[in-house]
Amino acid sequence: METNKPRMLITERIQGIPAEATCRSCPETIFRTGEDIVETAEEGERTLKDLFDHHFRTVHEEKPSKPRYAKRKGARNEQV
Ligand SMILES: [Zn+2]
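Below is a short write-up of the structure. (Residues numbered from 1 in each chain as written. Predicted model: local features only at pLDDT ≥ 70, side-chain atom pairs only at ≥ 80, totals over all residues.)

Quick notes on the nonpolar core
Most often, soluble globular proteins keep nonpolar side chains buried together rather than apart. The biggest cluster of nonpolar side chains holds 7 residues, and these are Met-8, Ala-21, Cys-23, Phe-31, Leu-48, Leu-51 and Phe-52. Elements represented by at least two residues in this core include exactly strand E2 (17–23) and helix H1 (41–60). In terms of residues, this core owes the most to one element, H1, which gives 3 residues. Here Cys-23 is in contact with Pro-6, Met-8, Thr-29, Phe-52 and His-55, once residues within four sequence places are set aside. (Core = buried A, V, L, I, M, F, W, Y, C linked by C-beta atoms within 7 Å. Buried ≥ 20, exposed ≤ 12 C-beta atoms within 10 Å, placed from the backbone. Helix = DSSP H or I, 4+ residues; strand = E, 2+ residues; numbered from the N terminus. Contact = placed C-beta atoms within 7 Å.)

Now the structure itself:
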């Protein structure tokens, strides 16, 4: 049941901080934390998760009634 569910897979860490991730169902998809430096592993993971979440919703869970989100490139709501 959970096996086929698309999941985020962290592919690159810089000094232990997640910097790049992919989708297990779409290996060609790459998520990056962006140009800004993230200070903590937690923040890096949260940023990637956010991008993955957007990818998941638009690619794997299409809801025709819902408007598409604007593409968020390295979007971050919080400043370090
Ligand atoms: Zn995917």
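Comments concerning the pairing of E2
Strand residues, when the strand is regular, have side chains that alternate between the two faces of the sheet. Across the 7 residues of E2, 5 count as buried, placing the element largely inside the fold. Here 6 bridges tie strand E1 (residues 8–14) to E2, and the two strands are oriented antiparallel to one another. Across the sheet, residue Ile-10 finds its bridge partner in E2, namely Ala-21. Counting the residues in the hairpin turn of E1 and E2 gives 2 residues, including Gln-15, whose phi is positive at 50°. (Pairing = 2+ DSSP bridges.)

Some words on the sheet that holds E2
The 3 strands are arranged E1-E2-E3 in an open sheet whose pairing can be described as antiparallel. In the strand order of this sheet, the two ends are held by E1 and strand E3 (26–32), each with one partner. Mean inter-strand twist for the sheet, computed between neighbouring axes without regard to direction, equals 30°. Sheet analysis places E2 next to E3, joined by 4 bridges and oriented antiparallel. Within E3, the position partnered with Cys-23 by the bridge is Cys-26. The sheet contacts of H1 involve E1, E2 and E3, and relative to E2 the element is tilted by about 15°. (Axes fitted to C-alpha atoms, helices over the stretch in contact; angles between N-to-C directions.)

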